[in-house]
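Geometric and topological summary
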Amino acid sequence: MVDARGLAGQLRTVLGDAAVITDRQRLRTYECDGLAQYKVTPALVVLPRTTGQVAAVVRACAAAGVPFVARGSGTGLSGGALPHADGVLIVTSTMRSVLDLDIVNQRAVVEPGVINLHLSREALPHGYYYAPDPSSQQVCSIGGNVAENSGGAHCLKYGFTTNHVTGLELVTPAGDVVQVGGKAPDAPGYDLLGALVGSEGTLGIATKVTVRLTRSPEAVSTLLAAFPDTDRAGAAVSAIIAAGVVPAAIEMMDALAIEAAEAAVHCGYPPGAGAVLIVELDGPGADVEHEFAEAERLCRASGATEVRVAADDAERALFWKGRKSAFAAVGRISPGYIVQDGVVPRTALPQVLRRIAQLSADTGIRVANVFHAGDGNLHPLVLFDDAVPGESARAEEVSGAILDLCLEHGGSITGEHGVGADKARYMPRMFDADDLDTMQLVRCAFDPQSISNPGKVFPTPRLCGERPGRHQGTHPLAEAGVAEVF
Ligand SMILES: Cc1cc2nc3c(=O)[nH]c(=O)nc-3n(C[C@H](O)[C@H](O)[C@H](O)COP(=O)(O)OP(=O)(O)OC[C@H]3O[C@@H](n4cnc5c(N)ncnc54)[C@H](O)[C@@H]3O)c2cc1C
C-alpha cells in the first residue's frame, strides 16, 4: 500500500495547492467529529470543489490502495467521519451550492456540503422547505444527513432523510461517477438508493443529492406541557397518538435535562416540572385547530400541571430553544457526558425510563433524558466527571446497558446517529452472524477493496476477498453453469 502522503503531489495537480492539507497542525483540526472521545489525525485532507475532483481523488486512492473517509460538517455523534491514520479525508465543505430549486416539481438538487437549514431558507420564499430537521440543522450537511439517514423532531410526521431523497450522484469506491434515481420517485429494479441512504460513507461519496421539498404548512400550533414525572408525560404521548392525532413533533425532556437547558439558555420552562412535552401540530388551519384542542385536553387528562400554548413565533422558538440546545446544555451541569441514541417501541417508554432511572441509582451515574417521544427514539445523556477515578468507565457501562435495555424491549441500538466507529461493537448484539454477512456482501459489491470508510459499521473488518460466513466455496448455480460469478 502506498503511503497516503505520497499522493499529495498528484492530488495538488488536480485540486490546487490550497485544497490539499499536509500540515500536521491543520490536519489535527479534522481529528474527530462530534464524538470527541475518538481522535485520529488523517494522513492527508483534501477539499474538492467538483464531482470530477472527488472522483479523481478516489481514483488515486483506489489505484494506490489508500483508504478514504468522507466528511461533511463533522457533527456526527458516532465517529462516522473519524479519519483513517493512513488515509485521505475528503471534506465536502467547499461543495455548498444549491444547484437547482425546482419548485414546480417540488425538488432541489444540491451539492453534498450544503447546510441543511440553508436549503430550507432558500426554499422558504417559494412556500416550501426541506422537512428532515436534525437539531444540528444549522451546521450539518445534506451529504452527512444522507449518509446517516438523519432524523429530527418533525420526522414523526414527515419521515427520515430516506423518505426525502429521490436521487443521488455517487462517486463509487473505484472512482466512477454514477447516477442512482433522479427527480422521479420509485425507480424500478433494486432499491439501490435505499441501500445508499444510511450507508455511512461505506459505499461511496454522494456528490449531488436530489431531495423532495415540502410545502410550508398553512398553520402551526405548539404547546408546552409540564408533568410531575415522565410516566405521566409518556401516558399523554400514548393518548395523543391513540386518539388518531398525528403531531408534527412530540418531544420529551426529563427534570435533569430541563435543569441543564434552563442553566444554558434560560428557556423559562415551568419550574419544578418532572418532565415537559413539546407538542407541535401543523397542516390546514381548521384541522390544526381541532386536533390541537384535543392534544391539549389529553395532556391535561394525563396529569399535566401546566399547559402553555405558544402565542406567536417568538414563544414557539423559546419552547424549541430549550429542546434544541439540550445536548450542549448538559455541559452546564456536568464536565463530561455521553450522548446515547437508542430506540424502543413507544409503548415501552415508561418501563424503559424506569429501568434507566434504576441503573442510574445503582451506579451513581446521572442520566438526563431528552427524546423524540413520538417515535420512541431515546437520547439519554450519561453524565460523568473525568476527574473522579473510574467514573467515565462506569458511564460507558451505563451507556452500553441502556442499549441492552432497548434491545430487550424490541428496539434498536441507534435511531438516527448511526453506528460509525462507536457502535460497531454493539452490532452483534442486534444482528446475528448471517445478518452481518449479508450486509458485508452488499458492502463488498460496492467496495471490493474495502477502502471506503473502513473500520466503520461492522464489528470485524473483513477483506472482500474473504467469503463471509457460510457462503463458502463455489455457488451451486455457478457450478451448474446457470449463473456466472462476476
Ligand atoms: C448538537 C447536535 C445535535 C444533533 N441532533 C441530531 C438530530 O436531531 N438528528 C440526527 O439524526 N442527528 C443529529 N446529530 C448528529 C449529526 O448532526 C448528524 O448525523 C448529521 O447528519 C451529520 O452531518 P455532518 O455533515 O456533520 O456529517 P459528518 O459528521 O461529517 O459525517 C457523518 C457520516 O457521513 C459520511 N459522509 C459525510 N458526507 C458524505 C458524503 N457526501 N457522501 C457519503 N458519506 C458522507 C461520513 O463519512 C460519516 O460517516 C446531532 C449532532 C449534534 C452535534
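Residue numbers here run from 1 along each chain, matching the order of that chain's written sequence. In keeping with the predicted nature of the model, local features appear solely for residues at pLDDT of at least 70, side-chain atom pairs appear and are counted solely at 80 or more, and the whole-chain, interface and lining totals rest on all residues. With hydrogens and water set aside, each side-chain value is computed from the structure's full complement of heavy atoms.

**Considering the pairing of strand 18 (residues 367–372)**
The following threshold applies: The buried label applies to any residue whose accessible area, calculated with a 1.4 Å probe on protein chains only, is under 20% of its type's maximum; exposed applies above 50%, and partly exposed to all values in between. In this text, helices come from DSSP runs of H or I with a minimum length of four residues, and strands from runs of E with a minimum of two, each type numbered from the N-terminal end. A pair of strands is labelled paired if DSSP reports no fewer than 2 bridges between them.
For strand 18, the tally of buried residues reaches six of six residues, placing the bulk of the element in the interior. Of the two faces of strand 18, the one carrying Val367, Asn369 and Phe371 and the one carrying Ala368, Val370 and His372 are both buried. Note that strand 13 (residues 249–254) and strand 18 share three bridges and pair antiparallel. Looking across to strand 18, one finds that Glu251 is bridged to His372. Sheet topology places strand 18 next to strand 19 (residues 377–384); six bridges connect them, and they run antiparallel. Residue pairing in the sheet places His372 in a bridge with Asn377 of strand 19. Where strand 18 folds back on strand 19, the antiparallel hairpin that results is connected by four residues, among which Gly376 adopts a positive phi of roughly 65 degrees.

**Section: the site of the ligand**
Let me state the cut-off plainly: Only heavy atoms are used to decide nearness, and a residue is near a molecule or strand if one of them lies within 4 Å of it. Think of a polar contact as two N or O atoms within 3.5 Å of one another; within protein, one of them needs to be a possible hydrogen donor and the other a possible acceptor, and neighboring residues in sequence only count if both atoms come from side chains. All accessible areas in this document rest on Shrake-Rupley with a 1.4 Å probe, and a residue is counted as covered only by the protein chains that are shown.
In the region of the ligand, 32 residues are neighbours, and Ala70, Thr75, Ser136, Ser141 and Ser150 sit closest. Between the ligand and Gly76 there is a distance of 2.8 Å, counted from an oxygen atom to a backbone nitrogen or oxygen. Between Ser150 and the ligand, the recorded distance is 2.7 Å, taken from a side-chain N or O atom to an oxygen atom. Burial of the ligand by the protein amounts to 93% of the accessible area it has alone, namely 980 Å². When contributions to the shell around the ligand are tallied by element, the ones reaching two or more residues are strand 3 (68–71), helix 5 (142–148) and strand 10 (205–212). The greatest single-element share of the shell around the ligand, amounting to five residues, is contributed by helix 5.

**Examining the UniProt feature "domain: FAD-binding PCMH-type" (unreviewed entry) in the protein**
For the record, the criterion: UniProt positions are given in the numbering used here, feature names are shortened, and annotations may be inferred rather than shown by experiment.
Under the local residue numbering, the UniProt record ascribes the feature "domain: FAD-binding PCMH-type" (unreviewed entry) to residues 38–216. Overall, residues 38–216 shows 21% helix and 25% strand. The separation of its end C-alpha atoms is 39 Å.

**Overview of the nonpolar core**
Our working definition: Residue types Ala, Val, Leu, Ile, Met, Phe, Trp, Tyr and Cys, when buried and joined through side-chain atoms within 4.5 Å, form a set referred to as a nonpolar core. Any two residues having at least one pair of non-hydrogen atoms within 4.5 Å are treated as being in contact.
Counting residues in hydrophobic clusters, the biggest one holds 41 residues, and the most contacted among them are Phe227, Ile240, Leu277, Val279, Cys299 and Leu378. Beyond its immediate stretch of four places on either side in the chain, Leu277 contacts Leu223, Leu224, Ala225, Phe227, Ala233, Ala236, Val237, Ile250, Glu251 and Met252. Core analysis: the second largest hydrophobic core is formed by 34 residues, Val54, Ala55, Val88 and Val91 among them.

**Structural notes on the pattern of salt bridges**
So the rule is basically this: For this analysis, a salt bridge means a side-chain nitrogen from Lys or Arg found within 4 Å of a carboxyl oxygen belonging to Asp or Glu.
Per the stated rule, a full pass over the model turns up 20 salt bridges. The partner of Glu294 in a salt bridge is Arg297, and the shortest N-O contact between them spans 3.1 Å. Of this pair, Glu294 and Arg297 both sit in helix 10 (residues 285–301), separated by three residues, roughly a single helical turn. As a salt-bridge pair, Arg425 and Glu396 come within 3.3 Å of each other at their nearest N and O atoms. A residue pair is termed long-range when its members are at least 10 positions apart, and Arg425 in the loop between helix 14 (391–408) and helix 15 (427–430) and Glu396 in helix 14 qualify at 29 residues. On the basis of relative accessibility, which here comes to 42%, the residue Arg425 falls in the partly exposed class. Looking at Glu396, the relative accessible area reads 30%, which means it is partly exposed.

**Digging into the packing of helix 8 (residues 230–242) against helix 10**
Helix-helix packing is characterised by the crossing angle of the two axes and by the distance between the axes. What counts, and what does not: The axes used here are C-alpha line fits, helices contributing only the stretch in contact, and every angle between their N-to-C directions lies in the interval 0 to 180 degrees. Note on convention: near helix rotated counterclockwise from far helix by under a right angle means a left-handed crossing. Clockwise means right-handed. Polar here means any residue other than Ala, Val, Leu, Ile, Met, Phe, Trp, Tyr, Cys and Pro, which are nonpolar, and Asp, Glu, Lys and Arg, which are charged; Gly is therefore polar.
One way to put it is that helix 8 packs onto helix 10 with a least axis distance of 9 Å and a crossing angle of 145 degrees. Handedness of the crossing formed by helix 8 with helix 10: right-handed. In this structure, helix 8 contributes Ala236, Ala239 and Ile240 to the contact, and helix 10 contributes Ala295, Leu298 and Cys299. Tallied by class, the residues present in the contact of helix 8 with helix 10 amount to six nonpolar, no polar and no charged.

**Quick word on the environment of Ser302**
Among the structural elements, Ser302 can be located in the loop between helix 10 and strand 15 (306–309). In the structure, Ser302 is positioned 65 residues away from Val237 in sequence and 9.1 Å away in space, judged by C-alpha atoms. Discounting chain neighbours no more than four positions away, the residues touching Ser302 are Phe227, Arg232, Ala235, Ala236 and Ala239.

**Some remarks on helix 3 (residues 51–64)**
The criterion, for reference: A helix is expected to span 1.5 Å for every residue after the first.
Helix length check: helix 3, at 14 residues, gives a terminal C-alpha distance of 20 Å against a target of 20 Å (1.5 Å per residue), a fit within 8%. Most of helix 3 is tucked away: eleven of the 14 residues are buried. After helix 3 finishes, the residue Gly65 shows a positive phi value of roughly 70 degrees.

**Notes on the sheet that holds strand 9 (residues 177–181)**
Ordered by their spatial adjacency, five strands build an open sheet running 5-6-10-8-9, and the pairing between neighbours is antiparallel. Looking along the sheet, the strands with just one partner apiece sit at the ends: strand 5 (98–102) and strand 9. Pairwise comparison of adjacent strand axes, ignoring direction, gives a mean angle of 10 degrees for this sheet. Judged from the five bridges that link them, strand 8 (residues 165–171) and strand 9 form a sheet pairing that is antiparallel. For Leu168, the partnering residue across the bridge sits in strand 9 and is Val180. Sheet strands in contact with helix 4 (residues 116–123) are strand 5, strand 6 (107–110) and strand 10, and its direction is about 40 degrees off that of strand 5.

**Some details on the pairing of strand 10**
Of all the eight residues making up strand 10, six are buried; the element is thus mostly covered by neighbouring parts of the structure. Strand direction decides the pairing type here: strand 6 and strand 10, joined by four bridges, are antiparallel. Within strand 10, the residue paired with Ala108 across the bridge is Val211. Pairing geometry for strand 8 and strand 10, over six bridges, is antiparallel. Pairing of Leu168 across the sheet is with Val209, part of strand 10.

**A few points about the packing of aromatic side chains**
Put simply, the rule reads: Each aromatic pair joins two rings of Phe, Tyr and Trp (for Trp, the six-membered one) with centres within 6.5 Å, and gets the label stacked for planes under 30 degrees apart, edge-to-face for over 60, and tilted for any other angle. A ring is considered to have a charge above it if a Lys NZ or an Arg CZ atom is located within 6 Å of its centre and within 35 degrees of its normal.
Taken as a whole and assessed by the stated rule, the structure comprises one aromatic pair. Here Tyr129 and Tyr158 contribute two aromatic rings whose centre-to-centre distance is 6.5 Å and whose plane-to-plane angle is 80 degrees, an arrangement assigned as edge-to-face. Residue Tyr129 is found in strand 7 (residues 128–129), and its partner Tyr158 is found in helix 6 (residues 155–158); the two are separated by 29 residues along the sequence. Note that Lys324 overlies the ring of Trp320, its terminal NZ or CZ placed 5.6 Å from the centroid.

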